[in-house]
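# What the coordinates show
Letter by letter, the chains look like this.
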Amino acid sequence: MYNRNKFSLKTTFPIAFIAILFVLISWAASSSGKSFLKGHSNLNHSSLFISSKKNHFSVAEKQKFLNDTVPTRNTLSNDTVPHKIVIVTDSISTKKNDSLLTKDTTKKEPADTIHFKLAKNALEAPVEYTAEDSMVIDVPGKTVTLYGKKVTTNYKDNNLTGPIISFDEASGDIIAAIKRDSTGKVIAFPTFKQSDFTSQSDSIRFNMKSGKGLTKSTYTQQGEMYVYGQVIKKVSPDVFYALRGRFTTCNLDTPHFAFISNKIKFINNKVAISGPVHPEFEGVPIPIYFPFGIYPLNQGRHSGFLSPNFTVNEQKGIGLEGLGYYKVINEYWDIIVRSSIYSYGGWSLNLNPRYSKKYHYSGNFAFDIQNFNLNFKGDPDFQKNRAYHITWSHSADTKSRPGVTFSANVNAGSSSYNSLVPNDPNLNFQNQMQSSIAYSKTWQDLPFNLTLTANHDQNTNLKLINVSLPTLGFNMTTIYPFRRKDAVGDLKWYENIGIGYSLNAQNRFSFYDTVKNKSIFQQIKDTLQWGAHHSVPISLSLPQMGVFQLSPSVSYDETWYQSKVTQTWDNTKDTLITHVQKGLYTARQMSFGLSVSTRIFGMITAKKKDAKIMAIRHEMRPTFGLSYQPNFNRNNYYRVQTDTFGHIDYVPYFPQGSYNLYGPYTNGRFGGFTFGLENNLSMKVRNKKDTGQNAIKKISILDAFSINGSYNFFPIDFRHFSNISAVASTNLFNKVNFTTSANFDPYEVNAQGRDTSILVWKTKPISLGRMQNANISLSSSFKGGNKKTGEEAGVKPGENPPIAGYTPDEYNADMAYIRNNPGEFADFNIPWSINLSYSLAYSKQFLQGIGFTNNFSQNVNFSGTLNITPKWQMAINGYYNISLGQLNPLSMSISRDLHCWQMSINVTPLGIYRYFSINISPKSPLLRDLKINRTRSFYNGL
């Protein structure tokens, strides 16, 4: 027996010891056929294969060495099967002057290969091992023991690591055990890994012949599940059994909760099956027993039941919400069926089939039915309502069919559906639904593309549904008919003349979903509208002329109408009488233009080299255009009295709205100019504390500020100037997004609110005109540093959440649930966060007999979180209408981090729809249905 305190594999072995060790291993191989081979302890591995390339011995020297050191019959054990070692050839390519080279060059050189016969119980593969401290070989006991802080053995795909590992040659067992220090404290555990199975135990016994093993006090992880077994027996690479086992999603050695069972069978990363099982919290057994349990361990799709939530609703009664079943149909399809039932007799049903084919398409379809009885039957406020809702989303991979795309995003239903969805205040107040289905095709190597779309928009307050079916778009990208096919040299000016074409045709109808005296089909017939618009743009690309860019253009437009409308004034009734003629009517317009643009730069630099503000840069992009538009639509307008004051106006025969899809062209010719000016302001600042690459930063002061307008030399009335629009936007200090826009009228008005020929600039020369409307919006987001990732506190205005892997409907549904239950999704790594947005809308309205009135609309959206302690977090989310003084809706939540569990309280105390919920659930998605939930809803009707 070697003294492992004195013997170290890190020292250099004497040559004699290597020979003796070689003889012992050779004897072991000859007697049992096993080869505990390829061991390395900071040395090269021992092997029965002797290469003459390594030792540089001749064939005769090798034969003599083997005859002297390796006996043909082992004298150490009577049951050893003798064998001969024969050297057939020398693998060393001999030189020409080698004395061993025979004269006969036609003979082939024999190979230097050792042939030996393996025993019947020999291992199928070599065993590789490493020991940091020492290795002890017990020859009579046929055992090898490895010592070290980290000892490893590898056999096929089996890896065993531990402080002490022993190999029993007779049985083929490898045994590993824990190591304790002088005080009895465990300082190292053995671990075993085979394929996807990894475990840590107090002791491990593994048989390399059968692949079976037995461990004690073992911890292992299966997906998100942590498993402990007092005794674990592994019978195959994928199956093992646990005696007196527990499994949980808590990663502590003594978990906060667990499921306890005496006998459990595990199929690795697939499923666990147990006998009688009961839960345990903080080591206290709960007297709730189940006869058996089946627990999926992998993350794939599994068919199964979906647990409901218990709720109390003031209008619907006591209910179970979300009871359902999930079914995997095949590789591409699955379906979710959910239902809710209430004690007042109401119910709802949701069918949600989903489909996905990788690299081709994906989508989902949902159909909802609501059949609610609100309040008690017989009460004066009793209501019975049935509503329907349908959603469909589809997206296709453009690579599957190049040049062809198809997408769908449908959201339609009964007008009363949103208002009756329980516990979702944001959806309850949504009064718009929109849908779009689109198909497009682009022809390869041709300048044509086709689009077909169907659109829907719905106002649930007005009960009005508008449908555009279909909308046809056909476009031809710009072609150059005068360009040579194989042009050589510079192009002629006329070769840059380009021509394009676009067609847009629509068909639209509308109906009310609550009208009872007229069928939907009759409403569609009465409201059916159609029309088409053609456009032919002609452009000329000219090279830049110095600092100016010139762009001449010609365009031709034509519109088809279905109705010609004529209005006359009725003096007896003091009202306009409308006459409508159906048919096909056309109108056209043509214009010529020339635009000039350039860029002007200005910069102010600091005089001091170490100044914090190094430079301020101003960029202006002025544009100026001349255009002429002949009057092709003189006959498409007529004069008519429009009010009791006798005012005469020009009115078009083809008005847009209830009679035509497209609006009329302007009356009269236009000959004038357009002008615009866009500004950008930025500066460079120096950070004196930073001398690296980030020492100099560019900061935007004003992202954009633009002014646009036009002047007409040939107006029909006195209006030479058009309205002037102004738009500005910036990101203040990289923290606050600011956007504003306004519209100005350059003419004064009279007592009736009509424009006069007097310009505002005569009395107010420094102004853009009389403001008609304006909008201002501010938004910002602040948060504290992330304690987990180390991310510093900062602001990311306008940041949108990712939707990787989500369809729009799935994303919206999940976001709605998160908004309504923010406590369940608290991030305790963020100490605080604030999100603010403010909007202001201003407009002027003229009221007869009163004059102009100013209308303001202001609102604020806010949300935020605050960690009261490292484990407690508060959150708030609301909307405040400043103009009306209404705070609605408002949601608040309190969350408690319970390590592997989480508790949340969500409250909506204000508004028509009020509710609260208390939820205690595990954090792991694997046990998301194992929760305690209490929800109550209230309705405060207007």
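Residues numbered from 1 in each chain as written. Predicted model: local features only at pLDDT ≥ 70, side-chain atom pairs only at ≥ 80, totals over all residues. Heavy atoms only, no water.

Both strand 11 (residues 197–200) and strand 13 (residues 213–222) contribute to a ladder of two bridges, which runs antiparallel. Pairing of Gln200 across the sheet is with Tyr219, part of strand 13. By the bridge criterion, four bridges tie strand 12 (residues 203–207) to strand 13 in an arrangement that is antiparallel. When the bridges of strand 13 are listed, Arg205 appears paired with Leu214. Between strand 12 and strand 13, which follow one another and run antiparallel, lie five residues, and Gly211 among them has a positive phi close to 80°. Judged from the nine bridges that link them, strand 13 and strand 14 (residues 225–234) form a sheet pairing that is antiparallel. Note that in strand 14 the partner of Thr218 across the bridge is Gly229. (Pairing = 2+ DSSP bridges. Helix = DSSP H or I, 4+ residues; strand = E, 2+ residues; numbered from the N terminus.)

Here the focus is the state of the cysteines. For the structure on display, the rule yields zero disulfides. Cys250 forms no disulfide, and the closest cysteine sulfur to it belongs to Cys900, at a distance of 3.6 Å. Judged by relative accessible area, Cys900 falls into the buried class, the value being 6%. (Disulfide = S-S within 2.5 Å. Buried < 20%, exposed > 50% of the residue type's maximum accessible area, 1.4 Å probe, protein only.)

The next subject is the side chain of Asn385. Secondary-structure assignment places Asn385 in strand 27 (residues 383–396). Among the polar contacts listed, one links the side chain of Asn385 to the side chain of Ser416, at a separation of 3.4 Å. With near-sequence residues (within four places) excluded, Asn385 lies in contact with Gln370, Asn371, Phe372, Ser416 and Leu420. (Polar contact = N/O pair within 3.5 Å; in protein donor to acceptor, adjacent residues only side chain to side chain. Contact = heavy atoms within 4.5 Å.)

Here we take up the pattern of salt bridges. Applying the stated rule across the entire model yields 16 salt bridges. For Arg205, the salt bridge is made with Asp173, and the minimal N-O distance between the two is 3.1 Å. Separated by 32 residues along the polypeptide, Arg205 in strand 12 and Asp173 in strand 7 (residues 173–177) bring together distant segments of the chain. For Arg205, a relative accessible area of 40% puts it in the partly exposed group. Residue Asp173 is classed as buried on the basis of its relative accessible area of 11%. With a closest N to O distance of 3.3 Å, Asp755 and Arg770 form a salt bridge. (Salt bridge = Lys/Arg side-chain N within 4 Å of Asp/Glu carboxyl O.)

As a further point, take a nonpolar patch on the surface. Residues Trp832, Ile834, Leu836, Leu866, Ile868, Trp872, Met874 and Ile894 make up a contiguous nonpolar surface patch of roughly 700 Å² in combined accessible area. Counting residues per element, the ones that place at least two in the nonpolar patch are strand 47 (832–847), strand 48 (851–869) and strand 49 (872–881). Here the nonpolar patch gets three residues from one element, more than from any other, and that element is strand 47. Within the secondary structure, Trp832 sits in strand 47. (Patch = residues over 30% accessible without salt bridge, like charges linked within 9 Å, V, L, I, M, F, W, Y side chains within 5 Å. Areas by Shrake-Rupley, 256 points an atom, 1.4 Å probe, with all protein chains shown as cover.)

Cis geometry is adopted by the peptide bond preceding Pro470, which originates at Leu469 and carries an omega value of -10°. Note on placement: Pro470 falls in strand 31 (residues 464–479). Positive phi outside glycine occurs at Tyr359, with the angle close to 65°. Relative to the elements of secondary structure, Tyr359 occurs in the loop between strand 25 (347–357) and strand 26 (361–374). Taking the relative accessible area as the measure of exposure, Tyr359 reaches 58% and is therefore exposed. Despite not being glycine, Lys463 shows a phi value in the positive range, around 65°. Relative to the helices and strands, Lys463 is located in the loop between strand 30 (448–459) and strand 31. The partly exposed category is assigned to Lys463, whose relative accessible area is 27%.

For Val312, the location among the structural elements is in strand 22 (residues 309–313). Along the primary structure Val312 and Arg936 are separated by 624 residues, whereas in three dimensions their C-alpha atoms are 4.4 Å apart. Val312 has contacts with Gly317, Ile318, Arg934, Thr935, Arg936 and Ser937, leaving out every residue within four places of it along the chain.

Turning our eyes to something else, we now look at the nonpolar core. Leu146, Leu160, Met208, Phe247, Phe257 and Phe266 are the most contacted members of the largest nonpolar core, which has 37 residues in total. Every element with two or more residues in this core is listed here: strand 3 (127–130), strand 5 (143–155), strand 6 (158–168), strand 7, strand 12, strand 14, strand 15 (239–248) and strand 16 (257–267). The residues contacting Met208, other than those within four sequence positions of it, are Leu123, Val127, Tyr155, Phe167, Gly172 and Ile174. In this structure, Tyr561, Tyr585, Ala587 and Val651 belong to the second largest nonpolar core, which totals eleven residues. (Core = buried A, V, L, I, M, F, W, Y, C linked by side-chain atoms within 4.5 Å.)

This part is about the environment of Ser274. Position of Ser274 relative to the elements: it lies in strand 17 (residues 271–274). Other than its neighbours up to four places away in sequence, Ser274 contacts Ser261, Lys263, Ile264, Phe292, Gly293 and Tyr295.

Here we take up the environment of Lys384. Tracing the backbone through its elements, the reader meets Lys384 in strand 27. With a relative accessible area of 62%, Lys384 lands in the exposed category. Between the C-alpha atoms of Lys384 and Phe372, which are twelve residues apart in sequence, the distance is 5.9 Å. Those residues within four positions of Lys384 in sequence are excluded, and the remaining contacts are Phe372 and Asn373.

Below, the discussion takes up the confidence of the model for the protein chain. Chain-level pLDDT for the protein chain is 80 on average; 81% of the residues reach the 70-or-more range. Per-element mean pLDDT across the protein chain ranges from 33 in helix 2 (residues 52–55) up to 94 in strand 30. In the model, residues 1–103 has pLDDT below 50 throughout and makes 148 contacts with residues more than four positions away in sequence or in other chains. This model gives residues 792–807 a pLDDT under 50, and the stretch forms 27 contacts once residues within four places in sequence are excluded. (pLDDT = per-residue confidence, 0-100.)

Next up on the list: the packing of aromatic side chains. In total, this model carries 29 aromatic pairs according to the counting rule given. With a centroid separation of 5.0 Å and 35° between ring planes, the pair formed by Trp333 and Tyr355 is classed as tilted. Placement of the pair is Trp333 in strand 24 (residues 333–342) and Tyr355 in strand 25, with a sequence separation of 22 residues. When its relative accessible area of 11% is taken as the criterion, Tyr355 is described as buried. Geometrically, the ring pair formed by Trp392 and Phe406 is tilted, given 6.2 Å between the ring centres and 45° between the ring planes. Residue Trp392 is located in strand 27, and its partner Phe406 is located in strand 28 (residues 404–413); the two are separated by 14 residues in the primary sequence. Following the ring pairs from residue to residue traces out a cluster consisting of Phe624, Phe673, Phe675, Tyr711, Phe713, Phe721 and Trp761. A cation over a ring is seen here: Arg483 above Tyr480, with NZ or CZ 4.1 Å from the ring centre. Just above the ring of Tyr653 sits the side chain of Lys564; from NZ or CZ to the centre is 4.6 Å. (Phe/Tyr/Trp six-rings, centres within 6.5 Å; stacked < 30°, edge-to-face > 60°. Lys NZ or Arg CZ within 6 Å of the ring centre and 35° of its normal.)

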